[in-house]
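# Summary of the model geometry
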Amino acid sequence: PKLPHSEEELRHLAHFFRVLVDSPGQMTPKLILRGPLGTGKTTLARRFGLDFEAYASKRKVKLRFAYFNCREEGSFYALLKKALNLFQVEIPERGFSSEELLNLLVEALGRKGFQLLLALDEVESLIWREGSKPLYVLTRLGEKTVSTSPGKISLILIFREPECEEALARLDSSTLSTLGHNVLQLAKYSASQLKEILEYRVEEAFKPDTVLPEAIELAADLAGERGDARLAIELLWLAGKQADLERAGKVLPEHVRAARLKVDLTVQREHLQGLSFHEKLLLLAAARKLSASEEAYISFGEVEREYQAACEEYGEKPRRHTQLWKYLKGLALKGLLQTRASGKGLRGRTTLIGLPLPSSLLREELEAHLERERAS
């Protein structure tokens with residue numbers, strides 16, 4: 001019901017999109033919402049959208065809010081089919097293109113007299129799969145319809161850092177220009193802010209006096225290293241589950257410490273789901289080499305050779321060295337592996353690779369991912 005430490009951002013969104021209620025059909029605002037993992041982008045967008053739809057209804061303005069995660073939907077086409085379902089539009093049997101589905105959506109909005117505020121999460125995954133076209137056709141809709149007509153679609157485009165810059169760089173200049181320069185940047189939370197967020201969540205989720213203040217403080221401190229509210233909430237939730245498992249009367253700091261071991265891998269799972277098959281193979285190669293080594297870091301050359309062996313195992317043609325180098329930089333940006341330049345003792349300069357998680361756990365997780373993808 002409430003979002004502590006997001007009040008200013010909610011006001012910003014309300015001010016930016018207020019024209020949809022004050023002057024319905026006149027404009028189609030577009031805003032980019034960006035920030036690192038755990039800064040509340042998804043929660044902020046969904047809380048605002050639901051509140052704004054209710055506000056519009058009180059003002060007798062026909063406005064719908066819809067939220068979709070681009071990574072989970074899988075394609076622009078699948079996303080549009082779900083949007084059409086919201087307005088009970090039957091899709092003809094013959095195969096339609098994404099652009100035709102979008103036109104059907106606009107026509108349905110026009111017939112019903114609705115504006116649509118559409119929030120798209122993890123947009124970077126859509127850009128990596130389909131390039132500029134989905135955003136280009138979405139942002140150019142306003143040019144095809146009469147300015148005062150209903151059937152308009154306004155956008156909240158949610159990007160995750162640090163992937164945002166790379167994704168935007170892949171867009172063509174026409175699409176970038178239609179997106180405009182309206183950006184709401186979310187910052188990482190401080191430990192004290194996380195503590196207040198957790199205190200509120202404890203009131204909502206736990207029975208009274210079952211979570212020690214010291215457990216809340218520890219969870220906030222551990223997550224404060226990253227400024228990550230999602231991590232803080234996940235830590236406390238898992239600590240509660242651990243306390244239940246032990247039939248403990250209260251959630252203690254020791255339960256939070258036990259949760260920390262589980263949560264690191266849980267957070268990384270979200271990143272793993274968005275990787276391509278060959279990025280997973282490269283990461284698997286690093287995990288396999290490090291699990292068989294007593295060293296903290298191994299060379300990129302060793303990982304590349306192990307990657308080629310993994311490609312043979314999974315029946316894939318290996319990517320070239322330059323492409324693997326790009327994968328390596330992307331995986332490092334996502335925090336899935338660590339890179340550093342070699343020091344003395346190695347001939348020449350090479351890139352050394354380490355992992356932020358136990359290599360055996362990561363190896364098991366990746367092998368499960370790859371087997372599921374190969375089976376499908």
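Note: the structure precedes this text.
Reading the values: rules and limits
Residues numbered from 1 in each chain as written. Predicted model: local features only at pLDDT ≥ 70, side-chain atom pairs only at ≥ 80, totals over all residues. Heavy atoms only, no water. Pairing = 2+ DSSP bridges. Helix = DSSP H or I, 4+ residues; strand = E, 2+ residues; numbered from the N terminus. Axes fitted to C-alpha atoms, helices over the stretch in contact; angles between N-to-C directions. Contact = heavy atoms within 4.5 Å. Phe/Tyr/Trp six-rings, centres within 6.5 Å; stacked < 30°, edge-to-face > 60°. Buried < 20%, exposed > 50% of the residue type's maximum accessible area, 1.4 Å probe, protein only. Lys NZ or Arg CZ within 6 Å of the ring centre and 35° of its normal. Salt bridge = Lys/Arg side-chain N within 4 Å of Asp/Glu carboxyl O. Arc of directions from axis to C-beta.

## Remarks on the sheet that holds strand S6 (residues 298-299)
Strand order in the open sheet made by the three strands is S6-S8-S7, with antiparallel pairing throughout. Across the chains shown, the open sheet's two edge strands, defined by having one partner strand only, are S6 and strand S7 (338-341). One ladder, built from four bridges, connects S7 with strand S8 (residues 351-354); its direction is antiparallel. By the bridge assignment for S8, Arg340 is matched with Leu352.

## A look at the sheet that holds strand S4 (residues 153-160)
Within a beta sheet, neighbouring strands are joined by backbone hydrogen bonds and run either parallel or antiparallel to one another. One open sheet holds the five strands; their spatial order is S2-S3-S4-S1-S5, and the pairing between them is parallel. Strands with a single pairing partner mark the edges of an open sheet, and in this sheet they are strand S2 (63-69) and strand S5 (183-185). Averaged over all adjacent pairs, the angle separating strand axes in this sheet is 15°, with direction ignored. Looking at chain direction, strand S3 (residues 115-121) and S4 are connected through five bridges and run parallel. When the bridges of S4 are listed, Leu116 appears paired with Ile153. Sheet strands in contact with helix H3 (residues 41-58) are strand S1 (30-35), S2, S3, S4 and S5, and its direction is about 165° off that of S2. Its contacts with the sheet place helix H6 (residues 98-112) against S3 and S4, and it is angled at close to 130° to S4.

## What about the packing of aromatic side chains?
By the definition in use, this model includes seven aromatic pairs. Taking the centre distance of 6.2 Å and the plane angle of 35° together, the rings of Phe52 and Tyr55 count as tilted. Of this pair, Phe52 and Tyr55 both sit in helix H3, three residues apart, roughly one helical turn. Taking the relative accessible area as the measure of exposure, Phe52 reaches 5% and is therefore buried. Judged by centre distance (5.7 Å) and plane angle (55°), the rings of Phe300 and Trp325 are tilted. Residue Phe300 is located in helix H17 (residues 300-313), and its partner Trp325 is located in helix H18 (residues 321-333); the two are separated by 25 residues in the primary sequence. By relative accessible area, Phe300 is classed as buried at 5%. Above the plane of the ring of Phe87 lies Arg64, whose end atom (NZ or CZ) is 5.3 Å from the centre.

## Points about the pattern of salt bridges
Taken as a whole, this structure holds 19 salt bridges when the rule is applied. Between Arg34 and Glu165 there is a salt bridge, and its shortest N-O distance comes to 2.8 Å. Within this pair, whereas Arg34 is found in strand S1, its partner Glu165 is found in helix H10 (residues 163-169), the two being separated by 131 residues in sequence. Judged by relative accessible area, which is 11%, Arg34 ranks as buried. Judged by relative accessible area, Glu165 falls into the partly exposed class, the value being 46%. Asp51 is the partner of Arg47 in a salt bridge, and the nearest nitrogen-oxygen pair spans 2.9 Å. Pair noted here: Arg47 and Asp51 are both in helix H3, with a separation of four residues, about one helical turn. Of the residues examined, Arg47 reaches a relative accessible area of 24% and is grouped as partly exposed. Using a relative accessible area of 38% as the deciding quantity, one classes Asp51 as partly exposed.

## With respect to helix H5 (residues 76-86)
Since the α-helix advances by 3.6 residues per turn, residues separated by three or four positions end up pointing in the same direction. All buried positions along H5 are accounted for by Phe76, Leu79, Leu80, Ala83 and Leu84. Around the axis of H5, the buried residues are gathered within 140° of arc, so they sit on the same side. Tucked into the core, H5 has its buried residues touching S2, helix H4 (70-73), H6, S3, helix H7 (123-130) and helix H8 (133-139). At the C-terminal side of H5, Gln88 shows a positive phi close to 50°.

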